Amino acid sequence: MYPRQFDYVAPTSLDEAYGALGDDSKVLAGGMSLIPLMKMRLLSPGTLVDIGRIPGLDAIEDKGDHISIGALVRHSTTAGHPLIAQHAPALAQAAGMTGDVQVRNRGTTCGSLAHVDVAADQPAAVLAHGGVAVVGSASGTREVMADAFCMDTLTADLSPNEILLEIRLPKAGPGEGSAYDKLGRRGGHSDYAVAGVAAWVKMDAGSITDARVAITGVGTKPSLLPEVSQALIGTDGSESAVASAAEHAVDGVTVLEDLYGSVEYKTHLAKVYAKRAIQKAIGSIRA
Amino acid sequence: MTVNGQPVSAEVEPRTLLVHFLREDLRLTGTHVGCETGYCGACTVHVDGEPVKSCTMFAVQADGANVTTIEGIASNGDLHPVQEGFWERHGLQCGYCTPGMIMSSVALLSKNDRPSEEEIRHGIEGNLCRCTGYHNIVQAVQFAAARMRGEEPPAADWEGGE
């Protein structure tokens, strides 16, 4: 199964990459979503700009006030990196549950965010952690909150002449915890999420002072659930408080039926996994 | 790129997938083409030591890389312990998934020399087998793990092992 013909460019600098990008181009990093789409001829870009040979894009770094994940950081690196384990455990867990071993060795965390698959794991964790997308083009860089960056199904706030250069995550402070949990399409944690929830929670003196909860798999895109967060804030994080907040797990979400479940089933799963992820996040603070 | 230790060089169309370059240009047909969509893992090879799906990577992306295929893991005619394990523990029936399954297993054992059954099943989750139900594949990997640690492999379950 061959894609249609295309021109291939392998720049070794960002300036060169920006020069090669145009209306009929796509950026190739890990290619785990792009290449199958091209092989099925759902997508046939005229030019592929392979950023895989540009130095400096493959690092996870502590930048002082935030953690930076570069455009070429693979899922396997995100899953196992000590800085992500420390500052964004939900993202480490989501990256470890993305695809399979071979996919995690090639696919990139930034690519997962830029692709905005309705059932991708890592965007939910990036949203729950309050991540920021740093977008570059020939005219400079701009920062977009990850929630706004994920505009709609398979649609990011990214023009054809732009590259998602990095994801920035706030560093973890005292009393904060996070977790991701999901039901995969092949059961357990395998494959895309039928329903997945990432939760980030901050506690002080036994009560929840801040929270962000994000869902994936059930709706039109990975998205934040402000009603769940509001229901959590001010509570003691007890099982009943979490269960009652999790009842809001599809508030504002257009739940879609697909091969993996009815609207009713996915709504049920969303609440179950919201409860589990929030409880895991709280448990990680108390541990 | 270097394939199984041999430097190779060719001009290819950008859309040439790594698996087709290996099979059609280099005639290394041990790597199989299965589902073509990145699910089945029959096309698994190692690129710079890590298992990847060669049907979901363009050959040009592997320019300069070190590629190992199923043809490259035996040494001087001696089967790799994982190959021996699949042989001894009947880890295959039709054999279609086997090259990819072995490449994933070799990679798993290079990171974890004593994997539990669960870790083996997790380590080969990117490789689908429609014949065996994975049972004997797990035993094959356990056999290889013991052999690579220099220990006597556990008896197969049909021989009274676990």
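Computed from a predicted model, the values in this text were never measured in an experiment.

Peer 1: Is there a simple way to explain the domain arrangement of chain B in this structure?
Peer 2: Interface size, as often reported, equals the accessible area lost upon joining of the parts. Residues and elements named next belong to chain B. The domains assigned to chain B are domain 1 (2–72) and domain 2 (81–148). Each of domain 1 and domain 2 was reduced to a C-alpha centroid, and the two centroids are 21 Å apart. Taken together, the contact between domain 1 and domain 2 spans 16 residues of the former and 14 residues of the latter. Here domain 1 packs against domain 2, burying approximately 1200 Å² in sum over the two surfaces, 59% of which is carbon and sulfur. It is H32, H46 and I70 in domain 1 that bury the most area against domain 2; as a group they hold 40% of the surface buried on that side.

Peer 1: Just to check I follow, could you spell out helix α12 (residues 263–286) of chain A for this structure?
Peer 2: Residues three or four positions apart in an α-helix share a direction because the helix packs 3.6 residues into each turn. All names here are of chain A. Look at α12: 35 Å from first C-alpha to last across 24 residues, which is about the 34 Å you get at 1.5 Å a residue. Buried within α12 we find K266, T267, L269, A270, Y273, A274, A277, I278, A281 and I282. As for α12, its buried residues are in contact with β11 (176–184), β12 (193–204), β13 (207–216), α10 (226–232) and α11 (239–246).

Peer 1: What is the right way to read the packing of aromatic side chains from this model?
Peer 2: Residue and element names in this part refer to chain A. The final tally for this structure, using the stated rule, is one aromatic pair over all chains. Above the ring of W200, the side-chain terminus of R212 is found at 4.3 Å from the ring centroid. Between the NZ or CZ atom of R276 and the centre of the ring of Y273, over which it lies, the distance is 4.9 Å.

Peer 1: How do you make sense of the interface of chain B and chain A when you look at a structure like this?
Peer 2: Tallying the contact residues gives 32 residues for chain B and 32 residues for chain A. Carbon and sulfur atoms supply 54% of the area buried between chain B and chain A, which totals about 2600 Å² over both sides. Connecting chain B to chain A are three salt bridges. Across the pair K39(A) and E36(B) runs a salt bridge, and its minimum N-O distance is 2.8 Å. Viewed at the interface, chain A and chain B are joined by 15 residue pairs in polar contact (both at pLDDT 80 or more). Of all the secondary structure elements, the ones that give two or more residues to the side of chain B that touches chain A are α1 (18–25), β4 (50–53) and α4 (117–123) of chain B. Along the lines of polarity and charge, the residues of the side of chain B that touches chain A split into eleven nonpolar, 13 polar and eight charged.

Rules of the game
Residues numbered from 1 in each chain as written. Chains lettered and ligands numbered in written order. Predicted model: local features only at pLDDT ≥ 70, side-chain atom pairs only at ≥ 80, totals over all residues. Heavy atoms only, no water. Domains from an automatic or database assignment. Contact = heavy atoms within 4.5 Å. Buried area = accessible area lost by both parts, 1.4 Å probe. Helix = DSSP H or I, 4+ residues; strand = E, 2+ residues; numbered from the N terminus. Expected span 1.5 Å × (residues − 1). Buried < 20%, exposed > 50% of the residue type's maximum accessible area, 1.4 Å probe, protein only. Phe/Tyr/Trp six-rings, centres within 6.5 Å; stacked < 30°, edge-to-face > 60°. Lys NZ or Arg CZ within 6 Å of the ring centre and 35° of its normal. Salt bridge = Lys/Arg side-chain N within 4 Å of Asp/Glu carboxyl O. Polar contact = N/O pair within 3.5 Å; in protein donor to acceptor, adjacent residues only side chain to side chain. Nonpolar A, V, L, I, M, F, W, Y, C, P; charged D, E, K, R; others polar.

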